[in-house]
Amino acid sequence: MHPVLKKYLTHISIRRKLMLLIMAACSVVLLASTAAYLLKETISIVRAQSNDLKSLADIIGKNVAAPLTFNDPQSAMDTMASLKVKGDVIAAYILQQDTTVFSRYLATTSSQSNLPYELPGADYSPESCRRILNQLAKQSHNLIPVNDQVVLVAPIRLDDQEIGTIVLFASTQQLKVRLAVTLLMSVCILCLAFIAAYLLSMRLQQVVSEPIRILSDAMRQVSETKDFSLRVVRPGDDEIGQLCDGFNEMLQEIEERNLILRQRQEHLQELAHFDALTRLPNRILFHDRLQQAMNLALRNDQLIAIMFLDLDRFKDINDTMGHRIGDLLLQQVAGRMGLALRDCDTVARLGGDEFTIFAQNVKSKENGARLAQKLIDMFEIPYFIEGNHLYVTCSIGVTFFPYDADTMDLLLMNADVAMYHAKSAGKNTYRLYTQDMNQYAGDRVALQTDLRRAINLQQLYLLYQPKLDIASGKITGVEALIRWQHPERGLISPTTFIPLAEENGCIQPITEWVLRTACAQAKRWYDSGLTSLSVAVNISAYCLKRQNIPQVVRQVLEEAGLPPRLLELELTESLLVENDHQAEQVLADLKQIGVTIAIDDFGTGYSSLSYLHHFPIDCLKIDRSFVWNMQRGESDQAIVAAIIAMAHSLNLKVVAEGVETNEHLSALRMCGCDMIQGYLISKPVPADDLGERMLVGYEDTDI
Amino acid sequence: MRRLSGSSDTAMRLTFLSLIVFLTGLPGMLCAGEPPEYQVKSAMVFNMLKFMDWPAEGAQQLQLCVVGRGPFVAGIATLHGKVVKGRSVVVQQVSPASVGGQGCDVLVFGDVERSTLAQLLEQSRTAPVVTLADTPGFIRSGGVVGFVLQAGKVRFEINQAAALRHRIRISSQLLKLATSVIE
């Protein structure tokens, strides 16, 4: 196929292609049949004339046989005169046996220029006659006319003998007219057939092209509007119908996938902007909203309160009750905060137990402070999670835009700093940010850095506070207390740096260091003759959860060569939670090593008294707050008495902490307390000082 | 068959040509170039037979009986052996007395006495026979074909009624060429 034609065919619409196809097929059939018809018609017309002439020659031959025989040309001419009615006969000649012309007939209308017998040079001599006859005889059976005439040469017979020849000249004029008429009719019919074929193909091609067009239009519409809910109507059961089905199914599929995609996008959007656990906005969304709120506040001259909220002792809850409980708690906290805040306020979870809140248009700092207090108050009601009542408090730092800072980063840092101040101030409170807090904020980060190097730089050391057995009046043990001598800041309290250590993970080497140092000291005392002096070390719940404490203890005792009974481990009350099999197992392992286990700060934490008997505990240490309150009211004294009685019934020793006065001592003695610890006996002192005191005894004390 | 008839055609044509050559070759006879009148007449007789039909055509031979003598019948003998419509011509001289028993198809009269002629015509009045003569008034006396001279050319006249009586069918072409026809 010609490249141009091919290109044209590939570019035209299916509608056109189909029409072309139908028309081409029709054309071939029509033209072929017309050509065949014309050919047949032409042949039959020519044949008809030829036959006509033959029969004419036959009749004339018969009728001129006698005149020829009897040499009567006139009679022959009379006979031939009847040819006048035959319009197409131009001339007729009767030739004698010797080919000379016997008689002739000439139609009056015909031109004689093409008749060889009538040519000027014709002389009718026998030679020329024979020559002409021979020439004509050749043309005679030729159906193709020469010079618009056909010639027929036929013998004249009489009684089976050839007595002469008849030569007929016929004009092909009429034949041509008939052919022309036939041709014209054919062309007319052809044209009509073409028109009919065209109209028919227009209708026929629609059967195929219309559904395709509809499909194509639908596709275009879909691709333009992206409306995948569109469907095409199935035109029938043929391939196009199947195509439509496929198209619809495809659209269905795309629509469904689109829906899923949109849902996933929304989900991703949520993941990107919301905290998965609490469904609160995350840091990104919070920043975004806060930025907008700041822009709005600047324009409208409004005040925004930005708060940093941190749950107190959340780590303990996580460590002792498991992360699942911790997560559930966070969810409930988030839920409550949502109730406490206005719609225009935003609360976000930055991670862990840290929440950030901003409240727009708070009007005054007092309002901000009021809101912080409201949030703190919200925690008064205990959280009930899986059968546990959890008492949680929080510390909040508050800062104000645009007073305290004009950038978001600074504001959040300020709130964070204020929050740590609230923590330092004893937790369960809030602090408004002030300029001088910045100093402290810098400290925290610097301190954490310093703390990492403190062990190696030997900035940590232990002080020992003795415990006195009331009945014998003898020092039976000491509690090792860690101190940090910072080269620039001086002495730093463990209440300050232990949380920092837990935060950055260096609590673990610190715990190991304390254990090792205390055991080594106890061994020295043991070797110097104080064979019953025990050393108590505080192990934080954080470490108990994460470190293999029994393994560490076993190793340290081995290294120091100290009898295990001389090591006492002080653990926080929060460990004593029902079904905490891990804690139970750890305590059992420790008990097996042979160390003594004491519960520190007893009475401040959870209501876990009922589970005391589950754990292999040797000693309870009553929190100082009970001791101090004993003198204020009867009730506290009764509590202390009850605790001691209960402990004794469980075969536990009781140590009272924070004993500072003789009144404390006498009250505790009355309650049946076993041991006391506090400034009344001694403040925490270096090991060396204690050794001397130990040797001289405590006779000077007023026991 | 065709080849046979074709060869017989050629043979006949040769005979005819040689005859013409022979005839024209005759020196100083009558008018120069023209054949003698009797020859023309005998040729015409022969040709005429081609335009005539007898009621019974079954016979192999065409009996051509000549009665009497004279210039007219002198050339007739040459027709002997020729074939007309598949029948070979048999020329025989018959006496007036034996005409009836010869089964003649054609009866050519030469110089015959008028009474004898009338008698013979009367005798063969209804027989399937064609009677020919060149005596003037022949057809008016009951003959079928009579030769006449007209403007120096030999012509003929026909008694169609007599032919019908003899049950001889004469071609209309021949009738057309006749100078006169008695219906």
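Residues numbered from 1 in each chain as written. Chains lettered and ligands numbered in written order. Predicted model: local features only at pLDDT ≥ 70, side-chain atom pairs only at ≥ 80, totals over all residues. Heavy atoms only, no water.

Looking at the packing of aromatic side chains
- Taken as a whole and assessed by the stated rule, the structure comprises nine aromatic pairs over all chains.
- Pairing A:Trp484 with A:Phe497 gives two aromatic rings, centres 5.5 Å apart and planes at 80 degrees, and the pair type is edge-to-face. Pair noted here: A:Trp484 is in strand E13 (residues 474-486) and A:Phe497 is in helix H13 (residues 494-504), with a separation of 13 residues, a long-range link.
- The exposure class of A:Trp484 is buried, given its relative accessible area of 0%.
- An aromatic cluster is present here, built from A:Phe70, B:Phe51 and B:Phe156 joined pairwise through their rings.
- Note that B:Lys82 overlies the ring of B:Phe46, its terminal NZ or CZ placed 4.8 Å from the centroid.
- For B:Arg87, the ring lying beneath its charged end belongs to B:Trp54, and the centroid distance is 5.7 Å. (Phe/Tyr/Trp six-rings, centres within 6.5 Å; stacked < 30°, edge-to-face > 60°. Helix = DSSP H or I, 4+ residues; strand = E, 2+ residues; numbered from the N terminus. Buried < 20%, exposed > 50% of the residue type's maximum accessible area, 1.4 Å probe, protein only. Lys NZ or Arg CZ within 6 Å of the ring centre and 35° of its normal.)

Concerning the interface of chain A and chain B
- Contacts between the two partners involve 18 residues from chain A, matched on the other side by 19 residues from chain B.
- Carbon and sulfur atoms make up 53% of the area that chain A and chain B hide from each other, which totals about 1400 Å².
- Contact with chain B buries surface across chain A, with A:Phe70, A:Asp159 and A:Gln161 losing the most and accounting together for 42% of the total.
- At the junction of chain A and chain B, the tally comes to one salt bridge.
- With a shortest N-O distance of 3.9 Å, B:Arg155 and A:Asp72 are connected by a salt bridge.
- Remark: the boundary between chain A and chain B carries three residue pairs in polar contact (both at pLDDT 80 or more). (Contact = heavy atoms within 4.5 Å. Buried area = accessible area lost by both parts, 1.4 Å probe. Salt bridge = Lys/Arg side-chain N within 4 Å of Asp/Glu carboxyl O. Polar contact = N/O pair within 3.5 Å; in protein donor to acceptor, adjacent residues only side chain to side chain.)

Overview of the pattern of salt bridges
All names here are of chain A.
- Scanning the model with the defined rule gives 29 salt bridges over all chains in all.
- Here arginine 234 makes a salt bridge to aspartate 237, at a shortest N to O gap of 2.5 Å.
- Given a relative accessible area of 65%, aspartate 237 falls into the exposed group.
- Among the salt bridges present, the one from arginine 324 reaches glutamate 386, with a minimum N-O distance of 2.5 Å. Placement of arginine 324 in helix H9 (residues 323-340) and of glutamate 386 in the loop between strand E8 (383-385) and strand E9 (388-390) is noted, with a sequence separation of 62 residues between them.
- The class for arginine 324 is exposed, based on a relative accessible area of 51%.
- Here the residues in one salt-bridge network are Glu210, Arg213, Asp217 and Arg220, joined through shared partners.

Thoughts on the sheet that holds strand E7 (residues 354-359) of chain A
Residues and elements named next belong to chain A.
- Reading across the sheet, the five strands line up as E6-E7-E5-E10-E11 and stay open at both edges, with mixed pairing between neighbours. Across the chains shown, the open sheet's two edge strands, defined by having one partner strand only, are strand E6 (346-351) and strand E11 (430-432). Averaged over all neighbouring strand pairs, the angle between strand axes comes to 20 degrees, with direction disregarded.
- As paired elements, strand E10 (residues 394-401) and E11 share three bridges and run parallel to each other. Considered in E11, the bridge of glycine 397 is made with arginine 431. (Pairing = 2+ DSSP bridges. Axes fitted to C-alpha atoms, helices over the stretch in contact; angles between N-to-C directions.)

Examining the confidence of the model for chain B
Residue and element names in this part refer to chain B.
- Across chain B, pLDDT averages 79, with 80% of residues at or above 70.
- For residues 1-8, every residue scores under 50 in pLDDT, and the model assigns this stretch zero contacts once sequence neighbours within four places are set aside.
- Of the regions scoring below 50 in pLDDT, residues 14-32 engages in five contacts with residues more than four places distant in sequence or in other chains.
- Reported for the predicted complex are a pTM of 0.45 and an ipTM of 0.75. (pLDDT = per-residue confidence, 0-100.)

Some remarks on the sheet that holds strand E7 (residues 145-150) of chain B
Residue and element names in this part refer to chain B.
- Here eight strands make up an open sheet; going across it, the order is E3-E4-E2-E5-E6-E7-E8-E10 and the pairing mixed. In this open sheet, the two strands that pair with only one neighbour each are strand E3 (83-84) and strand E10 (181-182).
- With respect to the sheet, helix H2 (residues 37-49) is in contact with strand E2 (61-67), E3, strand E4 (87-94), strand E5 (106-109), strand E6 (130-133), E7 and strand E8 (153-159), its orientation differing from that of E8 by roughly 40 degrees.

Examining the state of the cysteines
Residues and elements named next belong to chain B.
- Scanning the entire structure with this criterion turns up one disulfide over all chains.
- Between the sulfur atoms of cysteine 65 and its disulfide partner cysteine 104 the distance amounts to 1.7 Å. The S-S bond linking cysteine 65 to cysteine 104 shows a torsion near -95 degrees; that makes this disulfide left-handed. Taken together, the residues cysteine 65 in strand E2 and cysteine 104 in the loop between E4 and E5 connect sequence positions 39 residues apart. (Disulfide = S-S within 2.5 Å.)

Observations regarding the side chain of B:Gln173
- Among the structural elements, B:Gln173 can be located in helix H6 (residues 172-177).
- The class of B:Gln173 is buried, set by a relative accessible area of 11%.
- One polar contact links the side chain of B:Gln173 to the main-chain carbonyl oxygen of A:Lys62, over a distance of 2.2 Å.
- Beyond its immediate sequence surroundings of up to four residues, B:Gln173 is in contact with A:Lys62, A:Asn63, A:Val64, A:Ala65, A:Ala66, A:Pro67 and B:Phe51.

Things to note about the packing of helix H8 (residues 314-321) of chain A against H9(A)
All names here are of chain A.
- Contact geometry for H8 and H9: axes closest at 6 Å, N-to-C directions at 140 degrees. By the criterion of interaxial angle, the relationship of H8 to H9 is oblique. Facing Phe314, Ile317, Asn318 and Met321 of H8, the residues of H9 in contact are His323, Ile325, Gly326, Leu329 and Leu330.
- The residue inventory of the contact of H8 with H9, partitioned by class, reads six nonpolar, three polar and no charged. (Parallel < 35°, antiparallel > 145°, perpendicular 65-115°, else oblique. Nonpolar A, V, L, I, M, F, W, Y, C, P; charged D, E, K, R; others polar.)

Notes on the side chain of A:Glu570
Residues and elements named next belong to chain A.
- Looking at the element boundaries, glutamate 570 is found in strand E16 (residues 567-572).
- Only 2.4 Å separates the side chain of glutamate 570 from the side chain of lysine 621, close enough to count as a polar contact.
- Ignoring sequence-local partners within four residues, the contact set of glutamate 570 consists of Lys467, Glu479, Ala536, Val537, Asn538, Ile539, Ala598, Asp600 and Lys621.

Some words on unusual backbone geometry
- Of note, the bond from A:Phe401 into A:Pro402 is cis; its omega dihedral lies within 30 degrees of zero at 5 degrees.
- Looking at the element boundaries, A:Pro402 is found in the loop between E10 and helix H11 (408-424).
- A positive phi angle, near 60 degrees, is found at B:Arg167, a position not held by glycine.

Section: the environment of A:Gln585
All names here are of chain A.
- By the element assignment, glutamine 585 lies in helix H17 (residues 581-593).
- Judged by its relative accessible area of 48%, glutamine 585 falls in the partly exposed class.
- Placed 30 residues apart in sequence, glutamine 585 and phenylalanine 615 show a C-alpha to C-alpha distance of 9.2 Å.

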